Amino acid sequence: MFSNIQVTKLTFLSRFALVNQNRMCHVSPTSQGSHHLLKDEVHLDRCEGDNSGIAVISLNRPKAKNAISARFLHLFTEAIESLKHDKTVRAVVVRSVVPGIFCAGADLKERAKMAPSDVGPFVSKLRAMVSGLTSLPAPVIAALDGAAMGGGLEIALACDLRIAASSTKMGLVEAKLAILPGAGGSQRLPRLIGIPLAKELIFTGRVIDGKDAHKIGLVNHVVDQNQDGDAAYHRAVELAEEISRNGPVAVRMAKLAINYGSEVDLATGLAFEETCYAQVIPTKDRLEGLQAFKEKRTPKYLGE
């Protein structure tokens, strides 16, 4: 169905090792008939071995600082679609392989050539793509090793968790271009850090660094950047590993309960939590967890 999603063995993944240099992330080969349509802008990689439950979406449009063009948007959307029903994926990391940049936001050169009647539909597609990240069943982690501006920060806001290097710059800067955040930023940022502070950041278009972002709760963790410029990515993979060791059905249900429950009153949220909990009761994983606890061993969850 997604024949142009190329899952490749990439040299940058040789740096996927974390504290233990022997723990490497190996990318599984793609199915026959796939094409290399993602190789210059978006990579979708699935890891093997101990990290087999981790998928990585990598942004790679260096000449345009990962700016969101129509093609970039299309490929990113296809990557998300290919993960939507993949139950083997337990965590997703979104990162950039362009040094110093996560995503610069909209491709303004392309936008300047659009007819006014085309801008609205494009932004609607962008909003849908960003919301697609939120809707993925598995937790999604944004690794911010470089600047995330406008739509780039909106992509990060749509993820469940965010890791930033201390030197990373980020901001919803749309007001400086006489527009407003159109891919969910005006809605997700207030829900994350509170309405008054979100208004201040959006009204001023202020840019902050990773340390300040951590202070206000915009990112979960802040890390000092390393010489390779991928410290946030390494921390994101560590977090993805920690998540992937748990029962995948339970994690998916927890994400669903939190996402839905946070938008409704408490009574409705509690009722939805009960519904989600009912989904894990008949699973083999729940029984495996109990058995592993009894036998004092590490559980082996299969997502069943």
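Residues numbered from 1 in each chain as written. Predicted model: local features only at pLDDT ≥ 70, side-chain atom pairs only at ≥ 80, totals over all residues. Heavy atoms only, no water.

Draft legend 1. Highlighting the packing of aromatic side chains. Applying the stated criterion across every chain yields a total of 2 aromatic pairs. An angle of 40° between the planes, with centres 4.2 Å apart, marks the rings of Tyr-260 and Phe-272 as tilted. Placement of Tyr-260 in helix α9 (residues 248-261) and of Phe-272 in helix α10 (residues 266-280) is noted, with a sequence separation of 12 residues between them. The partly exposed category is assigned to Phe-272, whose relative accessible area is 21%. A cation sits over an aromatic face here: Arg-95 above Tyr-233, 3.6 Å from the ring centre. (Phe/Tyr/Trp six-rings, centres within 6.5 Å; stacked < 30°, edge-to-face > 60°. Helix = DSSP H or I, 4+ residues; strand = E, 2+ residues; numbered from the N terminus. Buried < 20%, exposed > 50% of the residue type's maximum accessible area, 1.4 Å probe, protein only. Lys NZ or Arg CZ within 6 Å of the ring centre and 35° of its normal.)

Draft legend 2. Quick look at the confidence of the model for the protein chain. Mean pLDDT over the protein chain stands at 86; residues scoring 70 or higher make up 87%. Below a pLDDT of 50 lies the segment residues 1-24, which in the model reaches 72 contacts outside its immediate sequence neighbourhood of four places, other chains included. Segment residues 26-38: pLDDT under 50, and 37 contacts once partners within four positions in sequence are set aside and those in other chains are kept. (pLDDT = per-residue confidence, 0-100. Contact = heavy atoms within 4.5 Å.)

Draft legend 3. Region of interest: the nonpolar core. Grouped together as the largest cluster of nonpolar side chains are 50 residues, with contacts concentrated most on Ile-57, Phe-76, Leu-133 and Met-170. Of all the elements, helix α1 (residues 70-84) adds the most residues to this core, at 7 residues. When neighbours within four sequence positions are excluded, Met-170 is seen to be in contact with Leu-144, Ala-148, Met-149, Leu-153, Ala-164, Arg-206, Val-207, Ile-208, Gly-210, Ala-213, Leu-218 and Val-219. Counting residues in each nonpolar core, the second largest holds 18 residues, with Val-56, Ala-231, Val-237 and Leu-239 among its members. (Core = buried A, V, L, I, M, F, W, Y, C linked by side-chain atoms within 4.5 Å.)

Draft legend 4. Examining the pairing of strand β2 (residues 42-48) more closely. Within β2, 6 of the 7 residues are buried, leaving the element largely enclosed by the surrounding structure. Both β2 and strand β3 (residues 54-59) contribute to a ladder of 5 bridges, which runs antiparallel. Residue Arg-46 lies in a different strand from β3, and its bridge partner there is Ala-55. (Pairing = 2+ DSSP bridges.)

Draft legend 5. Representation of the pairing of strand β8 (residues 161-165) in the model. Most of β8 sits out of view: 4 of its 5 residues are buried. As paired elements, strand β6 (residues 140-144) and β8 share 4 bridges and run parallel to each other. Bridged to Ala-142 within β8 is Arg-162. Bridge count for β8 against strand β11 (residues 221-223) is 3 bridges, and the pairing is parallel. Opposite Ala-164, over in β11, you have Val-222 as the bridge partner.

Draft legend 6. Inspection of unusual backbone geometry at higher detail. Positive phi is not limited to glycine here, since Asn-66 has a value of about 60°. Residue position: Asn-66 is located in the loop between β3 and α1. The backbone phi angle of Ala-178 is positive, close to 65°, even though this residue is not glycine. Following the sequence through the fold, Ala-178 ends up in the loop between β9 (169-171) and α5 (185-193). Since its relative accessible area comes to 71%, Ala-178 is described here as exposed.

Draft legend 7. Molecular detail of empty space enclosed by the protein. Counted according to the given criterion, the structure contains 1 cavity of 30 Å³ or more. Reported here for the largest cavity is a volume of approximately 60 Å³. Lining the largest cavity, in full, are Leu-153, Met-170, Gly-171, Leu-172, Leu-189, Leu-201, Ile-202, Arg-206, Ile-208 and Leu-218. Its residues assigned to classes, the lining of the largest cavity shows 8 nonpolar, 1 polar and 1 charged. (1 Å grid on protein atoms, 1.4 Å probe; cavity = no way out; pocket = protein on both sides within 12 Å on 5 of 7 lines; lining within 4 Å. Points joined across faces, edges and corners; volume = space filled by probe spheres on them. Nonpolar A, V, L, I, M, F, W, Y, C, P; charged D, E, K, R; others polar.)

Draft legend 8. Here's a closer look at the pattern of salt bridges. Evaluation of the coordinates by the stated rule reveals 13 salt bridges. Note that Arg-46 and Asp-86 form a salt bridge whose closest N and O atoms lie 3.0 Å from each other. One end of the pair, Arg-46, is in strand β2; the other, Asp-86, is in the loop between α1 and β4 (91-96), and 40 residues separate them in sequence. The pair Arg-46 / Asp-86 is uniform in exposure class, with both members buried. Notably, a salt bridge pairs Asp-212 with Lys-215, separated by 3.9 Å at the nearest N-O pair. With Asp-212 and Lys-215 both in helix α7 (residues 210-215) and 3 residues apart, the pair spans about one turn of that helix. A relative accessible area of 68% means that Lys-215 is categorised as exposed. Here the salt bridges share partners, and the residues they tie into one network are Glu-41, Arg-61, Arg-71 and Asp-107. (Salt bridge = Lys/Arg side-chain N within 4 Å of Asp/Glu carboxyl O.)

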